[in-house]
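Report on the structure
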Amino acid sequence: MQPYKALDYLDLDSEFSQDERMVRDTVRAWVSDRFLPVVTEHFEAGTFPHHLTPELAELGVFGPNLPEEYGCAGLNNVAYGLICQELERGDSGLRSYVSVQGSLVMYPIFAWGSDEQKKHWLPKLAAGKAIGSFGLTEPDFGSNPGGMASRARKDGDSWILNGRKMWITNGTIADVSVVWARAEDGIRGFLVEKGMPGFSAPEQKHKWSLRASVTSELVLEDVRVKEATHMLPKAKGLKCPLGCLTQARYGIAWGALGAALACFDEALSYSKSRIVFDKPLAAYQIPQKKLADMGTQITLGQLMALRMGRLKDEGRLQPHHVNMGKRNNVHIALEIARTCRDMLGANGISLEYQVGRHMTNLESVYTYEGTHDIHTLAIGEALTGIPAYRVG
Amino acid sequence: MKIVACIKRVPATETQAKIAANGKGLEPAGVEYMLSFYDEIAVEEAIRTKERVGSGEVIVLTLGPAEARKELVECLAKGADRAILLVDPAWSSRDSLSTAKLLAAKIGELAPDLVFTGRVATDTDSAAVGPMLATLLGRGCVTDVVKLTIEGGGKLKAERESEAGIEMYELALPALITCQKGLNEPRYAGLKGIMAAKKKPVEEVAVQDVPNQIAVETAQLPPARKEGRIVGTGAAAVPALLEALRKEAQVV
């Protein structure tokens with residue numbers, strides 16, 4: 001296999017600081033050396049390479065944009081985006097694993113947890129000594145999480161939780177799950193630990209996408225948790241889980257570019273070396289048009305991700321910006337993966353190449369963290385001021 | 001223990017070499033640079049030695065352009081304590097001895113217990129600067145080291161890989177070691193390390209020019225490989241193939 005060469009058509013490299021490039025190059029090298037050699041067997045087996053968790057922690061990719069006092073790296077958001085890009089260049093399952101830990105578990109504990117909760121959980125999660133999951137989506141409530149059926153009932157100094165969550169990344173292996181449930185005063189967030197009576201997290205099998213990632217159901221049957229230690233005191237209302245998702249979706253907007261870049265690089269080098277009717281595939285006009293279109297789309301996506309990152313570092317990034325970034329970049333990544341699969345011909349369906357794996361993964365990424373259509377409507381609402389989600 | 005690791009920035013492995021217009025070296029446009037492979041091992045050994053001893057300082061030293069700060073910061077991110085950049089506008093045309101003289105002058109001032117270099121830089125492939133430095137500094141030197149042990153009382157044990165096998169040496173500090181593949185597995189610069197590196201000092205020092213004693217007359221790319229020839233097919237072709245390998249290619 002040729003060494004990976006990331007497309008940088010407009011010399012965006014010079015827009016990044018030396019630290020940002022170093023962060024990116026470190027994660028890129030790690031993915032090439034340590035992750036790519038094992039991903040195919042794990043994808044086929046339907047397992048995540050858990051033996052790499054200590055190395056990911058040593059690299060510092062869990063919650064890297066959280067402060068150093070909790071054992072995190074304190075990086076800016078552009079560097080965080082580049083980390084997501086490089087991880088997803090490996091596999092969307094790897095980026096999901098890291099996104100959930102950082103944006104959906106560490107971030108809510110950091111933003112809405114008590115000091116004790118932060119001191120207890122954040123260093124463990126940063127060091128990979130504890131793994132987290134995020135329970136919002138339910139079997140009947142995906143795009144409309146506000147309709148959730150999970151309930152929290154207060155009982156003395158404790159809360160009793162009941163409900164089911166679906167499509168939860170890392171659920172089965174999580175030491176702690178951030179679970180959202182409706183209480184009398186609105187939606188509240190709880191920390192549910194592995195092994196608590198009434199709590200189970202069976203794995204959802206038979207996926208043909210994100211196979212190198214653990215996906216689970218969370219089942220809560222009269223799970224009793226202490227309010228002082230296991231409820232996020234400052235998390236009140238749907239805006240809190242949605243705020244977590246904005247963090248994660250920001251990372252996905254970068255991550256999807258990584259998958260697109262991997263596919264593009266593979267299809268470009270394949271089309272230059274594959275001889276068809278006595279000349280390389282790349283010497284024909286149809287492949288060139290595909291490459292030109294894909295190169296342009298990736299470059300536009302990179303510009304959008306970079307702009308979002310700079311806005312986020314200035315504290316000016318708004319959820320509707322992230323709607324556009326996630327929607328566009330995942331969409332183009334999926335289209336690019338499909339086109340690259342086509343360009344590799346029959347080889348495109350083999351796991352010896354990356355394109356098919358990325359293509360099937362991106363079908364999940366297209367749907368999770370806000371479906372493509374829901375992001376469309378969010379942008380529509382930002383433009384018109386009229387929410388079109390609901391009937392009537 | 002005070003330790004100096006000498007490094008060099010070299011063209012990245014994927015560089016497509018082109019000859020510059022003056023015909024004397026590599027065309028610098030579009031070339032990406034990286035830390036030389038064996039120097040990465042030298043930096044790792046310096047950091048591990050400090051960790052094993054439990055105290056001390058690791059200083060990374062290079063002679064190069066101002067841009068070599070990038071490679072130095074990478075070493076700081078891996079765990080070195082500070083860096084010194086001998087800024088040399090003529091770095092790309094400098095010969096081994098003048099490089100060694102400039103580095104030796106600085107190392108002399110620093111007076112470290114141990115100096116590590118890579119066994120060879122992956123661009124010029126001379127393997128000369130390390131031993132020259134040791135000579136100029138009057139230090140004991142073992143090259144191509146694959147195992148190093150710090151003994152008590154300022155003693156070192158070094159294993160060197162040679163064509164004959166493994167050679168075992170004992171030497172006293174201060175010393176210089178050139179590092180061979182296998183000595184260690186270099187670490188990644190972690191993200192926390194990258195952030196920590198921002199607070200570590202990189203000192204830039206202008207160098208006095210030392211004249212080169214050798215200079216490149218002309219640089220040429222290797223000639224393109226000749227097209228292959230099919231001598232036949234199947235088992236029947238084996239004698240012809242052996243004949244061609246013996247007589248024409250002279251490789252068997």
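Just so it is clear, the structure is predicted and the values come from calculations on it, not from any experiment. (Residues numbered from 1 in each chain as written. Chains lettered and ligands numbered in written order. Predicted model: local features only at pLDDT ≥ 70, side-chain atom pairs only at ≥ 80, totals over all residues. Heavy atoms only, no water.)

**What about the overall build of chain B?**
The criterion, for reference: Secondary structure elements follow DSSP: runs of H or I no shorter than four residues count as helices, runs of E no shorter than two count as strands, and numbering proceeds from the N terminus. Only heavy atoms enter the contact rule, under which two residues are in contact if any of them lie within 4.5 Å. His residues and chain termini do not enter the charge count, which takes Lys and Arg as positive and Asp and Glu as negative. Charge placement uses NZ in Lys and CZ in Arg. For Asp and Glu, CG and CD serve respectively.
Along its length, chain B carries six helices and 11 strands. In terms of overall dimensions, chain B has a C-alpha envelope of 70 × 45 × 40 Å along the principal axes. Counting only contacts in chain B whose residues sit at least 6 apart along the sequence, the fraction spanning at least 24 positions is 71%. Put simply, chain B has 32 plus and 34 minus side-chain charges, and the middle of one group is 2 Å from the middle of the other.

**Points about the overall build of chain A**
Put simply, the rule reads: With C-alpha atoms as the basis for the radius of gyration, the globule rule is written as 2.2 Å multiplied by the number of residues raised to the power 0.38. When a residue's accessible area, from a 1.4 Å probe over protein chains only, is under 20% of the maximum for its type it is buried; when over 50% it is exposed; and in between it is partly exposed. Residue-level accessible areas treat just the shown protein chains as cover; the underlying method is Shrake-Rupley with a 1.4 Å probe.
The secondary structure content of chain A amounts to 11 helices and 10 strands. Computed over its C-alpha atoms, the radius of gyration of chain A comes to 21 Å, within 12% of the 21 Å expected for a compact globule of 392 residues. Principal-axis analysis of the C-alpha atoms gives chain A an extent of 80 × 50 × 40 Å. Expressed as a percentage of the 392 residues in chain A, the buried residues total 56%. A sequence separation of at least 24 residues applies to 75% of the contacts in chain A between residues at least 6 apart. When the accessible surface of chain A is summed, it comes to about 16600 Å², and 54% of that surface belongs to carbon and sulfur atoms. With 43 positive and 45 negative side-chain charges, chain A shows a separation of 3 Å between the mean positions of the two kinds.

**Here's the deal with the packing of aromatic side chains**
Residues and elements named next belong to chain A. Note the following rule: Geometry of aromatic contacts follows a simple scheme: Phe, Tyr and Trp rings, the Trp one being its six-membered ring, pair when their centres are within 6.5 Å, and the pair is stacked under 30 degrees between planes, edge-to-face over 60, tilted otherwise.
Scanning all chains against the criterion turns up 11 aromatic pairs over all chains. Between F48 and Y97 the ring centres are 3.9 Å apart and the planes differ by 20°, which places this aromatic pair in the stacked class. Here Y97 lies in helix 4 (residues 92–112) and F48 lies in the loop between helix 1 (18–45) and helix 2 (53–59), a separation of 49 residues in the sequence. Y97 shares its class with F48; the two are buried. Summarising the aromatic geometry, the rings of W112 and W180 are spaced 6.4 Å apart at their centres and angled 85° between planes, so their arrangement reads as edge-to-face. Highlighted residues: W112 in helix 4 and W180 in strand 4 (residues 176–183), separated in sequence by 68 residues.

**Notes on a nonpolar patch on the surface**
We apply this condition: Each patch is built from salt-bridge-free residues with over 30% relative accessible area, joining like charges within 9 Å and nonpolar side chains (Val, Leu, Ile, Met, Phe, Trp, Tyr) within 5 Å. For salt bridges, the criterion is a side-chain nitrogen of Lys or Arg within 4 Å of an Asp or Glu carboxyl oxygen.
Together, Y9(A), L10(A), L300(A) and L303(A) make up a nonpolar patch on the protein surface, roughly 440 Å² of accessible area in all. Looking at the secondary structure, you find Y9(A) in the segment before helix 1.

**Comments concerning the interface of chain A and chain B**
Where we set the bar: Simply put, the buried area is the total loss of 1.4 Å probe accessible area from both parts when two parts are fitted together. Whenever a nitrogen or oxygen atom comes within 3.5 Å of another N or O atom, the pair is scored as a polar contact, on the condition that within protein one atom can donate a hydrogen and the other can accept it, and that pairs from neighbouring residues in sequence are kept only if both atoms are in side chains. Residue polarity is assigned by list, with Asp, Glu, Lys and Arg as charged and Ala, Val, Leu, Ile, Met, Phe, Trp, Tyr, Cys and Pro as nonpolar; anything else, Gly included, falls into the polar class.
Across the boundary between the two partners, chain A contributes 23 residues, which contact 15 residues of chain B. The junction of chain A with chain B conceals about 1400 Å² of combined surface from both sides, 68% of it contributed by carbon and sulfur atoms. When the buried surface of chain A facing chain B is broken down by residue, Q18(A), D19(A) and M22(A) rank first, second and third, together holding 33% of it. If you look at where chain A meets chain B, you find two salt bridges. Its salt-bridge partner being D19(A), residue K198(B) comes within 2.8 Å of it at the nearest N-O pair. In this structure, the connection of chain A to chain B is made through four residue pairs in polar contact (both at pLDDT 80 or more). Here the element with the most residues in the side of chain A that touches chain B is helix 1 of chain A; it accounts for 10 residues. Split into classes, the residues belonging to the side of chain A that touches chain B amount to 13 nonpolar, five polar and five charged.

**Quick look at the packing of helix 9 (residues 319–343) of chain A against helix 10 (residues 355–367) of chain A**
Residue and element names in this part refer to chain A. Short version of the rule: Axes, fitted as lines to C-alpha atoms, cover a helix only where it is in contact. Angles between the N-to-C directions of the axes lie from 0 to 180 degrees. Put simply, angles under 35 degrees are roughly parallel, angles over 145 are roughly antiparallel, angles from 65 to 115 are roughly perpendicular, and the rest are oblique. It is the rotation of the near helix from the far one that decides the hand of a crossing: anticlockwise by less than a right angle makes it left-handed, clockwise makes it right-handed.
One way to put it is that helix 9 packs onto helix 10 with a least axis distance of 9 Å and a crossing angle of 150°. The orientation of helix 9 with respect to helix 10, classified from their angle, is roughly antiparallel. As helix 9 runs across helix 10, the sense of the crossing is left-handed. Residues K326, V330, H331, A333, L334, A337, R338, C340 and R341 of helix 9 lie in contact with helix 10, whose contacting residues are V355, G356, H358, M359, L362, E363, V365 and Y366. Its residues placed into classes, the contact of helix 9 with helix 10 shows 10 nonpolar, three polar and four charged.

**Here we look at the pattern of salt bridges**
Summed over all chains, the structure comprises 41 salt bridges over all chains. One salt bridge connects E88(A) with R95(A), and the closest N-O pair in it is separated by 2.5 Å. A salt bridge links R338(A) to E363(A); the shortest N-O distance between them is 2.7 Å. Of this pair, R338(A) sits in helix 9 while E363(A) sits in helix 10, and the two are 25 residues apart along the sequence. Look at R338(A) and you get partly exposed, because its relative accessible area is 33%. Accessibility expressed as a relative area gives 27% for E363(A), which makes it partly exposed. The network of salt bridges with shared partners includes E44(B), R48(B), E51(B) and R187(B).

**With respect to the sheet that holds strand 4 (residues 57–64) of chain B**
Residues and elements named next belong to chain B. Selection rule: Pairing between strands is defined by DSSP: at least two bridges between them are needed.
Pairing is mixed across the open sheet formed by nine strands, whose spatial order is 9-8-7-10-6-1-4-5-11. At either margin of the open sheet sits one strand with a lone partner, and together these are strand 9 (165–172) and strand 11 (202–206). For this sheet, the mean angle separating the axes of adjacent strands, direction not counted, is 30°. By the bridge criterion, five bridges tie strand 6 (residues 114–118) to strand 10 (residues 175–179) in an arrangement that is parallel.

**A few points about helix 4 (residues 129–137) of chain B**
Residues and elements named next belong to chain B. Basically, it comes down to this: For this quantity, the arc is that covered by the directions from the helix axis to the C-beta atoms.
Regarding helix 4, the residues found buried are G130, L133 and A134. Buried positions in helix 4, seen along its axis, are confined to an arc of 100° and lie on one side of it. Against strand 1 (2–7), helix 3 (96–110), strand 6, strand 7 (140–151) and strand 10 lie the buried residues of helix 4. Two residues or fewer after helix 4 comes G138, characterised by a positive phi angle close to 65°.

**Notes on the domain arrangement of chain A**
Residues and elements named next belong to chain A. The criterion, for reference: For the domains described, the bounds stem from an automatic or database domain assignment.
The domain boundaries assigned to chain A delineate domain 1 (12–126), domain 2 (132–236) and domain 3 (240–384). Centre-to-centre, using C-alpha coordinates, domain 2 lies 30 Å away from domain 3. On the side of domain 3, 12 residues touch domain 2, which itself brings 12 residues to the contact. Of the roughly 920 Å² buried between domain 2 and domain 3 on both sides combined, carbon and sulfur atoms contribute 76%. Three residues, S143, W208 and L210, lead the burial of domain 2 against domain 3; their summed loss comes to 43% of the area buried on that side.

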